Amino acid sequence: MVQKHPETGQECLYSTLGYIIGIEGMEQAEAIALLAELAEWQSRDEFVYRHKWEPDMLVMWDNRAVLHKASGGYEGQRRELHRTTIAAWQA
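A few points on the structure. Every chain is numbered on its own, with residues counted from 1 as its sequence reads. In view of the model being predicted, local features appear only for residues whose pLDDT reaches at least 70, and side-chain atom pairs are presented and counted only at 80 or more, with totals across whole chains, interfaces and linings using the full set of residues. With hydrogens and water stripped out, all remaining heavy atoms of the structure feed into the side-chain values.

On to the overall build of the chain, then. Helix and strand content of the chain: one helix and two strands. Helix and strand assignments follow DSSP, with helices taken as H or I runs no shorter than four residues and strands as E runs no shorter than two, numbered in order from the N terminus. Counting from the amino terminus, helix and strand elements in the chain follow one another as β-β-α. The globule rule used here is 2.2 Å times the number of residues to the 0.38 power, and the radius of gyration it is set against is calculated over C-alpha atoms. What you see for the chain is a C-alpha radius of gyration of 16 Å, clearly larger than the 12 Å of a compact globule of 91 residues, by over 25%. For the chain, the spread of C-alpha atoms along the three principal axes comes to 50 × 30 × 20 Å. Contacts: residue pairs with any heavy atoms within 4.5 Å of one another. A separation threshold of at least 6 residues defines the contact pool for the chain, and within that pool the share at least 24 residues apart is 33%.

This paragraph deals with a nonpolar patch on the surface. The patches described consist of residues with a relative accessible area above 30% and no salt bridge, like charges being joined within 9 Å and nonpolar side chains (Val, Leu, Ile, Met, Phe, Trp, Tyr) within 5 Å. To measure how exposed things are, a 1.4 Å probe is used in the Shrake-Rupley method; for residues, cover is taken only from the protein chains shown. By definition, a salt bridge exists where a carboxyl oxygen of Asp or Glu is found within 4 Å of a side-chain nitrogen of Lys or Arg. Taken together, Val2, Leu13, Trp41 and Phe47 make up a surface patch of nonpolar side chains, about 370 Å² in accessible area. Examined against the element boundaries, Phe47 turns out to sit in the segment after helix 1 (28–42).

A few words now on unusual backbone geometry. Although it is not a glycine, Asp56 adopts a positive phi angle of roughly 60°. Secondary-structure assignment places Asp56 in the segment after helix 1. The class for Asp56 is exposed, based on a relative accessible area of 83%. Categorising residues by exposure relies on relative accessible area from a 1.4 Å probe, with only protein chains included: less than 20% of the type maximum marks a residue as buried, more than 50% marks it as exposed, and the intermediate range marks it as partly exposed.

Another aspect to go through is the environment of Leu13. Residue position: Leu13 is located in strand 2 (residues 11–13). The exposure class of Leu13 is partly exposed, given its relative accessible area of 30%. Separated by 10 residues in sequence, Leu13 and Gln3 place their C-alpha atoms 6.4 Å apart. Filtering out sequence-adjacent residues up to four positions away, Leu13 remains in contact with Met1, Val2, Leu38, Trp41 and Gln42.

The following block contains the structure:
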């Protein structure tokens, strides 16, 4: 679950409850408890960036290094998303 970013070499956790169903070598209940603890830790306020949207703004992020969630703040505006995937990178 610890991986290195391919460009920076910085270690990060690869753990998202919606995608990981267990941890090899761990009992299921223990693995789910650890994953839940990691998810809680990852979403602490000290790690959260909240963006303030302004007209004609573009925001980009590296999915290999962040967790992200749309949480509003763009009401009344068109929300348009485009995704680019770098095919050559493998975990």
